[in-house]
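# What the coordinates show
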Amino acid sequence: MDFTIAENKIRDIISNNQFSDVLQDVVDFLYEHFDAYNWVGIYRVEGEYLILGCWKGKQATEHTKIPIGRGVCGSAAQSGKTEVVDDVSKDHRYLACFVSTRSEIVVPIKKNGVVVGEIDIDSDVSNAFNESDVVFLEKVADMLSEHIC
Ligand code: SME
């Protein structure tokens, strides 16, 4: 799906959503509209840990609680910077969740400059995430910052 259309649809999902879980709806939207987004999850920061909230994919992950600083997720939470891993087999920080995963993106969600959560997406193809995905997902993360609790 075109990134601008997706951005507008997500803005609509967030502003029209009174009765269901905004985060789950956005996760579902991303999973369903981008072929290369094969597992989509949102972690929130709780003390020294990342705790998995909602997710969508074929399988559950065992990594539901990740110390800040560990793995690709923990690194992004620590630095506050988006992480793109083109080939997970070459990144020593990578915590394996699914045998099919080849690449990953982790985008911090910040409130007043403080990391409060993150979007984590795994792809079954290598090099799945380019600069357009980064720009798009950073906008989505901004839109979600008020909805992390
Ligand atoms: N691969 C992540 C762990 C989370 S799973 O991808 C869902 C990491 O290295 O931090």
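Structure's up top.
We now turn to the structure provided with this report. (Residues numbered from 1 in each chain as written. Predicted model: local features only at pLDDT ≥ 70, side-chain atom pairs only at ≥ 80, totals over all residues. Heavy atoms only, no water.)

## Observations regarding the nonpolar core
- Core analysis: the largest hydrophobic core is formed by 30 residues, its most contacted members being Ile10, Leu30, Tyr37, Phe136 and Leu144.
- Of all the elements in the fold, those that place two or more residues in this core are α1 (3–15), α2 (22–33), β1 (39–46), β5 (103–111), β6 (114–123) and α4 (131–144).
- Among the elements that take part in this core, α4 stands out by supplying seven residues, more than any other.
- Ignoring sequence-local partners within four residues, the contact set of Ile10 consists of Val26, Phe29, Leu30, Phe136, Val140 and Met143.
- Counting residues in hydrophobic clusters, the runner-up holds 16 residues, among them Trp39, Ala76, Leu95 and Val115. (Core = buried A, V, L, I, M, F, W, Y, C linked by side-chain atoms within 4.5 Å. Buried < 20%, exposed > 50% of the residue type's maximum accessible area, 1.4 Å probe, protein only. Helix = DSSP H or I, 4+ residues; strand = E, 2+ residues; numbered from the N terminus. Contact = heavy atoms within 4.5 Å.)

## Topic: the pattern of salt bridges
- Summed over all chains, the structure comprises seven salt bridges.
- Arg11 is paired through a salt bridge with Glu7; the nearest N and O atoms lie 3.2 Å apart. With Arg11 and Glu7 both in helix α1, this residue pair falls four residues apart, about one helical turn.
- Taking the relative accessible area as the measure of exposure, Arg11 reaches 39% and is therefore partly exposed.
- Taking the relative accessible area as the measure of exposure, Glu7 reaches 13% and is therefore buried.
- Glu7 is the partner of Lys139 in a salt bridge, and the nearest nitrogen-oxygen pair spans 3.3 Å. A residue pair is termed long-range when its members are at least 10 positions apart, and Lys139 in helix α4 and Glu7 in helix α1 qualify at 132 residues.
- Lys139 sits in the partly exposed class, given a relative accessible area of 37%.
- Shared partners join several salt bridges into a network, and the residues in it are Glu7, Arg11 and Lys139. (Salt bridge = Lys/Arg side-chain N within 4 Å of Asp/Glu carboxyl O.)

## Quick notes on the site of the ligand
- The ligand sits among 13 residues. The nearest are Val72, Cys73, Leu95, Cys97 and Glu104.
- Taking Leu95, its main chain carries an N or O atom lying 2.8 Å from an oxygen atom of the ligand.
- Summarising the interface, the protein chains cover 100% of the accessible area of the ligand, which totals 310 Å² for the free molecule.
- Elements supplying a minimum of two residues to the shell around the ligand: β1, α3 (71–79) and β6.
- Here the residues of the shell around the ligand sort into eight nonpolar, two polar and three charged. (Near = heavy atom within 4 Å. Polar contact = N/O pair within 3.5 Å; in protein donor to acceptor, adjacent residues only side chain to side chain. Areas by Shrake-Rupley, 256 points an atom, 1.4 Å probe, with all protein chains shown as cover. Nonpolar A, V, L, I, M, F, W, Y, C, P; charged D, E, K, R; others polar.)

## Section: the side chain of Thr101
- Note on placement: Thr101 falls in the loop between β4 (83–85) and β5.
- Given the relative accessible area of 4%, Thr101 is considered buried.
- One polar contact links Thr101 to Asp122, side chain to side chain, over a distance of 3.2 Å.
- Once residues lying within four places of it in the same chain are set aside, the contact partners of Thr101 are Val88, Tyr94, Asp122, Ser123 and Asp124.

## Thoughts on the packing of α1 against α2
- Viewed as axis vectors pointing N to C, α1 and α2 meet at an angle of 155°, and their least axial separation amounts to 10 Å. Judged on the interaxial angle alone, α2 and α1 are roughly antiparallel. α2 is crossed by α1, and the crossing has right-handed handedness. Between α1 and α2, the residues in contact are Ala6, Lys9, Ile10, Ile13 and Ile14 and Val22, Asp25, Val26, Phe29 and Leu30, respectively.
- When grouped by side-chain class, the residues that make up the contact of α1 with α2 number eight nonpolar, no polar and two charged. (Axes fitted to C-alpha atoms, helices over the stretch in contact; angles between N-to-C directions. Parallel < 35°, antiparallel > 145°, perpendicular 65-115°, else oblique. Left-handed = near helix turned anticlockwise from the far one by under 90°.)

## Section: the side chain of Glu104
- Of note, Glu104 is situated in strand β5.
- Not counting the four nearest positions on each side in its chain, Glu104 is found in contact with Val72, Cys73, Glu83, Val84, Val85, Val88, Tyr94, Asp120, Ile121, Asp122 and Phe129.

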